[in-house]
Amino acid sequence: MKKVLFVLIGYIVISCSGSSESDSVKQNYLGEWNKVKGRPSTLTIYEENEGLFLKYGNGDKFPLKYEKEGKYYAAVTGFGNTALLIENNTLQLNGTQYQKKN
């Protein structure tokens, strides 16, 4: 009985710690992002029904999936997953850079 209880408590602790990790990463992604170079464009990353979504200025929407190993989000498209990487407050998507709106 004690063994089952310890396993159950361990599972709960691991589950809770994993979600807080993605929550802290999530906060970096949420908001509006403006294209740095070229024709003006805006991306919006928002939360809905406990999931993250990417919305382009033309209205196209894609769900985002948290990639636990690399601690980043990826857009899930018909062509596969596309990484959204953030470095120095700049989001990079398919080689295009976006700056977060203040």
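Because the structure is predicted, anything quoted here is derived from the model rather than measured.

Chemist: Is there a simple way to think about the side chain of Thr 90 in this case?
Modeler: Relative to the elements of secondary structure, Thr 90 occurs in strand 7 (residues 90-93). With residues near it in sequence (within four places) discarded, Thr 90 still touches Trp 33, Leu 85, Gln 97, Tyr 98 and Gln 99.

Chemist: Looking at this structure, I do not really get the pattern of salt bridges. What am I missing?
Modeler: Side-chain pairs of opposite charge can arise whenever the charged atoms involved come near each other. Under the defined criterion, the tally for this structure stands at 3 salt bridges. Between Lys 26 and Glu 47 there is a salt bridge, with its nearest N and O atoms 2.9 Å apart. Here Lys 26 is found in helix 1 (residues 2-29), whereas its partner Glu 47 is found in strand 2 (residues 42-48), with 21 residues between them in sequence. You can call Lys 26 buried: its relative accessible area is 12%. Two residues, Glu 32 and Lys 101, come together in a salt bridge whose shortest N-O distance is 2.9 Å. Of this pair, Glu 32 sits in strand 1 (residues 31-35) while Lys 101 sits in the segment after strand 8 (96-100), and the two are 69 residues apart along the sequence.

Chemist: Is there a simple way to explain the sheet that holds strand 6 (residues 80-87) in this structure?
Modeler: Note on sheets: strands pair through backbone hydrogen bonds, and any given pair is parallel or antiparallel. Read around the barrel, 8 strands follow the order 1-2-3-4-5-6-7-8 and close on themselves; strand pairing throughout is antiparallel. Going across the sheet, the axis of each strand differs from the next one's by a mean of 30°, ignoring polarity. Bridge analysis of strand 5 (residues 72-77) against strand 6 gives 5 bridges, and the strand direction is antiparallel. Residue pairing for strand 6: Val 76 is matched across the bridge by Asn 81.

Chemist: Can you help me understand the pairing of strand 5 in this one?
Modeler: The side chains of a regular strand alternate, residue by residue, between the two faces of the sheet. Bridge count between strand 4 (residues 61-67) and strand 5: 4 bridges; the pairing is antiparallel. Paired with Lys 65 across the strands is Ala 74, a residue of strand 5. Hairpin connection of strand 4 to strand 5: 4 residues between the antiparallel strands, including Lys 71 at a positive phi of 55°. Once strand 5 ends, the chain turns through 2 residues before running back antiparallel as strand 6.

Chemist: I keep staring at the nonpolar core and nothing clicks. Help me out?
Modeler: Note that soluble globular proteins tend to have their nonpolar side chains buried in a common cluster. Counting 16 residues, the largest nonpolar core has Tyr 29, Ile 45, Leu 64, Leu 84 and Leu 91 as its most contacted members. Breaking this core down by element, the ones donating at least two residues are helix 1, strand 2, strand 3 (51-56), strand 4, strand 5 and strand 7. When near neighbours in sequence (up to four residues on either side) are disregarded, Leu 84 contacts Tyr 29, Ile 45, Leu 64, Tyr 72, Tyr 73, Ala 74, Ala 75, Leu 91, Gln 92 and Leu 93.

Chemist: Even after reading the chapter, I still don't get the confidence of the model for the protein, so can you show me in this structure?
Modeler: Predicted coordinates in areas of low pLDDT are best not read in detail. Residues at a pLDDT of 70 or more form 81% of the protein, whose mean pLDDT is 83. Note on residues 2-18: pLDDT under 50 across the span, and 0 contacts to partners over four residues away in sequence or across chains.

Chemist: Is there a simple way to explain the packing of aromatic side chains in this structure?
Modeler: Each aromatic ring pair is summarised here by two numbers: the centre-to-centre distance and the angle between the ring planes. For the structure shown, the criterion picks out 4 aromatic pairs. Measuring from centroid to centroid gives 5.8 Å for Tyr 46 and Phe 53, while their planes differ by 25°, and the two rings are stacked. Tyr 46 gets classed as buried once you look at its relative accessible area, which sits at 18%. Seen in terms of ring centroids, Tyr 56 and Phe 62 are 6.0 Å apart; in terms of plane orientation they differ by 90°. Their pairing is edge-to-face. Here the aromatic residues Tyr 29, Tyr 66 and Tyr 73 are joined through ring pairs into a cluster of three or more.

Parameters and conventions
- Residues numbered from 1 in each chain as written.
- Predicted model: local features only at pLDDT ≥ 70, side-chain atom pairs only at ≥ 80, totals over all residues.
- Heavy atoms only, no water.
- Helix = DSSP H or I, 4+ residues; strand = E, 2+ residues; numbered from the N terminus.
- Contact = heavy atoms within 4.5 Å.
- Salt bridge = Lys/Arg side-chain N within 4 Å of Asp/Glu carboxyl O.
- Buried < 20%, exposed > 50% of the residue type's maximum accessible area, 1.4 Å probe, protein only.
- Pairing = 2+ DSSP bridges.
- Axes fitted to C-alpha atoms, helices over the stretch in contact; angles between N-to-C directions.
- Core = buried A, V, L, I, M, F, W, Y, C linked by side-chain atoms within 4.5 Å.
- pLDDT = per-residue confidence, 0-100.
- Phe/Tyr/Trp six-rings, centres within 6.5 Å; stacked < 30°, edge-to-face > 60°.

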